[in-house]
Amino acid sequence: MNDDDRRFASLGRALVRVEAGLREELDVAAMAEAACYSLFHFVRVFTELTGHGPYDYLMRRRVAEAAKEVAAGGRSILDIALEYRFESPEGFSRAFKRCFGLSPSEARREGRYPEGSARTPIDEDYARRLRSSGLRARAETAPLMVITGTPRVDGGQYPAGSTVAVVSIASRPAPCEGIPVIAGRVLADGEAEPGIPSVTARIAGGSFLVAAGAATIDVELARDLLYRTAFPISGTGPRGDCEIAILDEAGAVVELRIPAR
Amino acid sequence: MEYRLERGRSFVLVGMNFFGNPFQAAGAWDEDNEIGSLWKRLMAYLAEFPGAVEASPPGDPAWFEAHVMHPASAATGNYEVFIGAETRAPLEAPPAFVVKSLPARDYAVVSVEGADMAPGWEERLAADAVGRYGRALDRRWGLQRYDSRFTGLGDPGSTLEIWSPLAPGTEDGTAR
């Protein structure tokens, strides 16, 4: 076992300890102990390999599990909060709102919460995949992007020559005006839009969160990184409901960009 | 790597600090983490106000990076990173600076060179020190000492020192 294997194994032990301790007294010192690391070193390794600080991860996992029970109804919100080691309903409500942008009471009334931003469990394999993929999230600002192309066939390959794909992940149109699911290319500044049968989408300028690696990316892993780690940690959320996939010559995704608030 | 024991060493350092998870920002967004940012903030201040702190020893001043646990650290993992130097008159430091006092301890000191500055080296060297001196570490803080021998993390020929405080020992040298 080399140093890297030992690091992942240590992380894995800490992650197992978290899942076992969601309803128990558990602190970062105990997580570090499970990893057999000093607290200083543990914080560094955990953050580097998961993208989350250890305390942030623990709290988000607790809220994510508690949210399922809140939305399901039945038990009182206070009981759920106490079970997941929140000291008061206020503290639970603050944490819940921070994770999901709505209160536990609202989630209870509506019977649902934004599951897509809930932190699902990270395990050693996930951390290894994230590391080996080279995927990193970053924030950036970009101007209006006008994309022309053809509607993409669901489940099919992107049309040859496409350099970018806009994928609508819901029915709400903003900020992608026009046809929401297309693959094509970005129009140069001042370039006229081609006529029918091409279609055009406009992605409003502003902030974006971007996931990219050294080469082709695992889109599902990139989505997980952006929606369940990067957006929650940044304190922002998606702006509208579309994703922009940057493609290489073979049509494989090399970058995923999501408009941010 | 060279080892030595520094007995009964106390520190009064003048510098700047950060409290939190210094790697959180780097994990998702920036190439630099909060420790790098703290070094830059300190050096930028000193560049703008040369002589604001007369670091000791004169000629080849040493800067210490301290990682210090606070009462909240066990619960949250947040801790203090302090970077500073010994000076002749610490209380005359400018208001932008803070004074860090570390009580007298025996320190296991290890010089680390070049490629030995790999991730996890603190842990390995700390374990070496425990084996060598037969005493547990006082995990509440740790120091890294930088002087002109340090030219960059992992640079060939670059050197820094790790100062690991040892828990008080018994007469026969074992930990208590």
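Located above this text is the structure these notes cover.
The model shown is predicted, which means the values in this text are computed figures rather than measured ones.

**Student:** Is there a simple way to explain the environment of B:S148 in this structure?
**Tutor:** All names here are of chain B. Relative to the elements of secondary structure, S148 occurs in the loop between β5 (141-146) and β6 (159-165). The class of S148 is exposed, set by a relative accessible area of 51%. Placed 11 residues apart in sequence, S148 and T159 show a C-alpha to C-alpha distance of 8.7 Å.

**Student:** In this structure, what is going on with the packing of helix α1 (residues 3-20) of chain A against helix α4 (residues 54-72) of chain A? I would like to understand it.
**Tutor:** A packed helix pair is summarised by two numbers, namely the angle formed by the two axes and the spacing between the axes. All names here are of chain A. Orientation of α1 relative to α4, taken along the N-to-C sense of each, is 35°, at an axis distance of 10 Å. Classified by chirality, the crossing of α4 by α1 is right-handed. Residues L15, V18 and E19 of α1 form the contact with α4, whose own contacting residues are Y57, L58 and R61. Residues belonging to the contact of α1 with α4 are distributed by class as follows: four nonpolar, no polar and two charged.

**Student:** What exactly am I supposed to notice about the nonpolar core here?
**Tutor:** A general tendency of soluble globular proteins is for nonpolar side chains to be buried together. Residue and element names in this part refer to chain A. In terms of nonpolar packing, the biggest core is built from 91 residues, with F42, F96 and F100 touching the most fellow members. Summarising the domain contributions, this core has at least three residues from each of domain 1 (3-117) and domain 2 (134-260). Leave out the neighbours within four places in its chain, and F96 touches V63, A67, V70, G101, L102, S103, P104, A107 and Y113.

**Student:** Would you explain the packing of aromatic side chains in this entry?
**Tutor:** Geometry of an aromatic ring pair is reported as the spacing of the ring centres plus the angle between the planes. Following the criterion strictly, the structure yields 17 aromatic pairs over all chains and no others. Measuring from centroid to centroid gives 5.6 Å for B:F11 and B:Y107, while their planes differ by 90°, and the two rings are edge-to-face. Here B:F11 is found in strand β1 (residues 2-20), whereas its partner B:Y107 is found in strand β4 (residues 98-113), with 96 residues between them in sequence. Judged by its relative accessible area of 1%, B:F11 falls in the buried class. Between B:Y45 and B:F49 the ring centres are 4.9 Å apart and the planes differ by 45°, which places this aromatic pair in the tilted class. Aromatic ring contacts, followed pair by pair, group A:F86, A:F92, A:F96, A:F100 and A:Y113 into a single cluster. Between the NZ or CZ atom of A:R239 and the centre of the ring of A:F208, over which it lies, the distance is 5.3 Å. Residue placement shows B:R9 over the ring face of B:F11; its charged tip is 4.2 Å from the ring centre.

**Student:** Would you mind showing me how to read the interface of chain A and chain B here?
**Tutor:** Interface size is often expressed as the accessible area that is lost when the parts come together. The interface of chain A with chain B comprises 28 residues on the first partner and 26 residues on the second. Interface area for chain A against chain B, summed over the two sides, is near 2,100 Å², with a carbon-plus-sulfur share of 62%. Among the residues chain A hides against chain B, the three largest losses belong to A:L39, A:F40 and A:R44. Together they make up 29% of the total. Joining chain A to chain B, the criterion identifies zero salt bridges. The interface formed by chain A and chain B holds six residue pairs in polar contact (both at pLDDT 80 or more) in total. Taken together, the elements giving at least two residues each to the side of chain A that touches chain B come down to α1, α2 (28-35), α3 (39-50), α4, β1 (136-142) and α9 (219-234) of chain A. Grouping the constituent residues of the side of chain A that touches chain B by class yields 14 nonpolar, seven polar and seven charged.

Rules used in this analysis
- Residues numbered from 1 in each chain as written.
- Chains lettered and ligands numbered in written order.
- Predicted model: local features only at pLDDT ≥ 70, side-chain atom pairs only at ≥ 80, totals over all residues.
- Heavy atoms only, no water.
- Helix = DSSP H or I, 4+ residues; strand = E, 2+ residues; numbered from the N terminus.
- Buried < 20%, exposed > 50% of the residue type's maximum accessible area, 1.4 Å probe, protein only.
- Axes fitted to C-alpha atoms, helices over the stretch in contact; angles between N-to-C directions.
- Left-handed = near helix turned anticlockwise from the far one by under 90°.
- Contact = heavy atoms within 4.5 Å.
- Nonpolar A, V, L, I, M, F, W, Y, C, P; charged D, E, K, R; others polar.
- Core = buried A, V, L, I, M, F, W, Y, C linked by side-chain atoms within 4.5 Å.
- Domains from an automatic or database assignment.
- Phe/Tyr/Trp six-rings, centres within 6.5 Å; stacked < 30°, edge-to-face > 60°.
- Lys NZ or Arg CZ within 6 Å of the ring centre and 35° of its normal.
- Buried area = accessible area lost by both parts, 1.4 Å probe.
- Salt bridge = Lys/Arg side-chain N within 4 Å of Asp/Glu carboxyl O.
- Polar contact = N/O pair within 3.5 Å; in protein donor to acceptor, adjacent residues only side chain to side chain.

Keep in mind these numbers describe shape, not what the thing actually does.
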